[in-house]
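What the coordinates show
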Amino acid sequence: MPEENAYDAECLPDLLPIYYKKLFPYGPYYRWLNYGGVPKDYFSKREFSFTLKDDIYIRYQSFSNQDEMEKEIQKRCPYKIDIGAVFSHRPKEHKTVKAAAFQAQEKELVFDIDMTDYDDVRSCCLGADICERCWPLMQIAIKIVDRALRDDFGFEHLLWVYSRRRGVHCWVCDETARKLSQPGRTGIAEYLSVVKGGENQTKKVSLDDRPHPSITSSLEIVRSRFKDYAVKKQDFLGNEDKYKKVLQLLAETLEREFESTINTTHKRWLLFEKMCEDRRQKSGAKKSPNLEDEVMLQYCYPRLDVNVSKGVNHLLKSPFCIHPKT
């Protein structure tokens, strides 16, 4: 990036008033979160939180209408806006209500897919860094989660947005999604969770002999992109450190073959696929019959932050606001 175009956080106090005055889409934003105004006080019971200059954080902001929201945002010029739940009472009046009576009643079903959760399977970037070589992970994640939410659960109103830093957010806006209980949200998030295990767990995907139809559909999406992403862009078997991660998933080793004449990711993956096919052909070879599928899913399947999805009262960064750290 040319130096003259580098981001300078010191400019925010000057630029944010212009953005919030001329560019922020108040009309569509209000119409979205008002959902037709039924009931009439729906929008006024929605919680917003603001992060102001010097990391000053204020919760339980709420507005009676679009005009009040617009004036308050332009007055405070928040560095970041988060959207929370629709409560039983207006959030700004929460101190006048008994704590037990102030309850989160509904909110969009949300998903947060963060690139940092893929650090063990991408070699180009770490942390919040993103480049064109690893961004396909987000494209694959969107395709898989969007298909599952629409086809498996019947949701129709999905808003996908770039998080403005290191991943993507999905807002499922159907009324049935907004009214889901915490167990219901947790169930959907767990249904979509295939890659499981912490840093110390080597094998994070285990498939049955006959995988669930949702996983089969996900595999079709991954297979169509795997060679371009993992083989070509990531060169994921390109050196000893990389291919040993994959070989650790095997009961036997191909290390000797990988170190000799088979010296490219493309050739090593072909050999790996052949070995998997040979194992399937052997009578009685029931262990890991879908090994190459498990590898592809471990490297490419969406990694969801389940805690974001399961909480009715979880705040998530609002679409259309900038991110102060990028």
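As a reminder, the structure under discussion sits directly above these lines.
Residues numbered from 1 in each chain as written. Predicted model: local features only at pLDDT ≥ 70, side-chain atom pairs only at ≥ 80, totals over all residues. Heavy atoms only, no water.

Comments concerning the overall build of the chain
- Summing up its helical and strand segments, the chain has 12 helices and 8 strands in all.
- With the C-alpha coordinates aligned to their principal axes, the bounding extent of the chain is approximately 70 × 50 × 30 Å.
- Looking at the chain as a whole, 47% of its 326 residues are labelled buried.
- Restricting the contact set of the chain to residue pairs at least 6 apart, pairs at least 24 apart contribute 66%.
- Within the structure as shown, the chain displays about 17000 Å² of accessible surface, and the carbon and sulfur contribution to it stands at 49%. (Helix = DSSP H or I, 4+ residues; strand = E, 2+ residues; numbered from the N terminus. Buried < 20%, exposed > 50% of the residue type's maximum accessible area, 1.4 Å probe, protein only. Contact = heavy atoms within 4.5 Å. Areas by Shrake-Rupley, 256 points an atom, 1.4 Å probe, with all protein chains shown as cover.)

Describing the side chain of Ser218
- With respect to the element layout, Ser218 can be found in helix 7 (residues 213-233).
- Residue Ser218 is classed as buried on the basis of its relative accessible area, which comes to 1%.

A word on the packing of aromatic side chains
- One pass over the full model with this rule turns up 24 aromatic pairs.
- Considering the side-chain rings of Tyr30 and Phe43, the 4.7 Å spacing of their centres and the 70° angle between planes classify their relative orientation as edge-to-face. Taken as a pair, Tyr30 in helix 2 (residues 26-34) and Phe43 in the loop between helix 2 and strand 1 (46-52) lie far apart in primary sequence, 13 residues in all.
- Aromatic side chains Trp269 and Phe272 sit 5.1 Å apart centroid to centroid with 15° between the ring planes, which places their arrangement in the stacked category. Separated by 3 residues within a single helix, Trp269 and Phe272 lie in helix 10 (residues 265-281), roughly one turn from each other. (Phe/Tyr/Trp six-rings, centres within 6.5 Å; stacked < 30°, edge-to-face > 60°.)

What about helix 11 (residues 291-300)?
- Buried residues dominate helix 11, accounting for 10 of its 10 residues.
- Where helix 11 is buried, its residues contact helix 4 (136-152), helix 7, helix 8 (240-247) and helix 10.

Here we look at the sheet that holds strand 7 (residues 167-172)
- With antiparallel pairing, 3 strands are arranged side by side in an open sheet as 5-7-6. With partners counted over all chains shown, the strands left at the sheet margins are strand 5 (109-114) and strand 6 (158-162), one partner each. Within the sheet, the average angular offset between the axes of one strand and its neighbour, ignoring direction, is 15°. (Pairing = 2+ DSSP bridges. Axes fitted to C-alpha atoms, helices over the stretch in contact; angles between N-to-C directions.)

Here's the deal with the nonpolar core
- With 56 residues, the main nonpolar core has Leu149, Phe226 and Phe236 as its most contacted residues.
- For this core, the elements supplying multiple residues, two or more each, are strand 5, helix 4, strand 6, strand 7, helix 7, helix 8, helix 10 and helix 11.
- Other than its neighbours up to four places away in sequence, Phe236 contacts Phe226, Ala230, Val231, Lys242, Tyr243, Val246, Thr265, Trp269, Val295 and Tyr299.
- Leu33, Phe50, Phe63 and Tyr79 belong to the second-largest nonpolar core, a separate cluster that totals 28 residues. (Core = buried A, V, L, I, M, F, W, Y, C linked by side-chain atoms within 4.5 Å.)

A closer look at unusual backbone geometry
- Of note, the amide linkage connecting Val38 to Pro39 takes the cis form, showing an omega dihedral of -5°.
- Structurally, the position occupied by Pro39 is in the loop between helix 2 and strand 1.
- One non-glycine residue, Asp55, lies in positive phi territory at about 60°.
- By the element assignment, Asp55 lies in the loop between strand 1 and strand 2 (56-61).
- Phi is positive for Asp235, which is not a glycine, with a value near 50°.

Section: the pairing of strand 3 (residues 80-87)
- For strand 3, the tally of buried residues reaches 8 of 8 residues, placing the bulk of the element in the interior.
- Here strand 3 pairs with strand 8 (residues 316-317) via 2 bridges, running antiparallel. Across the sheet, the residue bridging to Ile83 is Leu316, located in strand 8.
- Bridge count between strand 3 and strand 4 (residues 104-106): 2 bridges; the pairing is antiparallel. Residue pairing for strand 4: Phe87 is matched across the bridge by Ala104.

A few points about the side chain of Thr265
- Mapped onto the elements, Thr265 comes out in helix 10.
- Judged by its relative accessible area of 3%, Thr265 falls in the buried class.
- Among residues more than four places away in sequence, those in contact with Thr265 are Val231, Asp235, Phe236, Leu237 and Gly238.

A look at the packing of helix 4 against helix 7
- Contact geometry for helix 4 and helix 7: axes closest at 10 Å, N-to-C directions at 170°. Here helix 4 is positioned roughly antiparallel relative to helix 7, judged by the angle of their axes. Where helix 4 abuts helix 7, its residues Pro136, Leu137, Ile140, Lys143, Ile144, Arg147, Ala148 and Asp152 lie against Ser214, Ser217, Ser218, Ile221, Val222, Arg225, Tyr229 and Lys233.
- Looking at side-chain class alone, the contact of helix 4 with helix 7 contains 8 nonpolar, 3 polar and 5 charged residues. (Parallel < 35°, antiparallel > 145°, perpendicular 65-115°, else oblique. Nonpolar A, V, L, I, M, F, W, Y, C, P; charged D, E, K, R; others polar.)

Points about the pattern of salt bridges
- Evaluated as defined, the whole model comprises 20 salt bridges.
- Close ionic contact of Arg76 with Glu72 constitutes a salt bridge, the shortest N to O distance being 2.7 Å. Residue Arg76 and its partner Glu72 are located together in helix 3 (residues 66-76), separated by 4 residues, close to a single helical turn.
- Notably, a salt bridge pairs Asp151 with Arg147, separated by 3.6 Å at the nearest N-O pair. Of the two residues, Asp151 and Arg147 both sit in helix 4, 4 residues apart, roughly one turn of that helix.
- Residue Asp151 is classed as exposed on the basis of its relative accessible area, which comes to 55%.
- The exposure class assigned to Arg147 is buried, which follows from its relative accessible area of 16%.
- Several salt bridges share partner residues, and in doing so they unite Glu106, Arg178 and Lys179 into one network. (Salt bridge = Lys/Arg side-chain N within 4 Å of Asp/Glu carboxyl O.)

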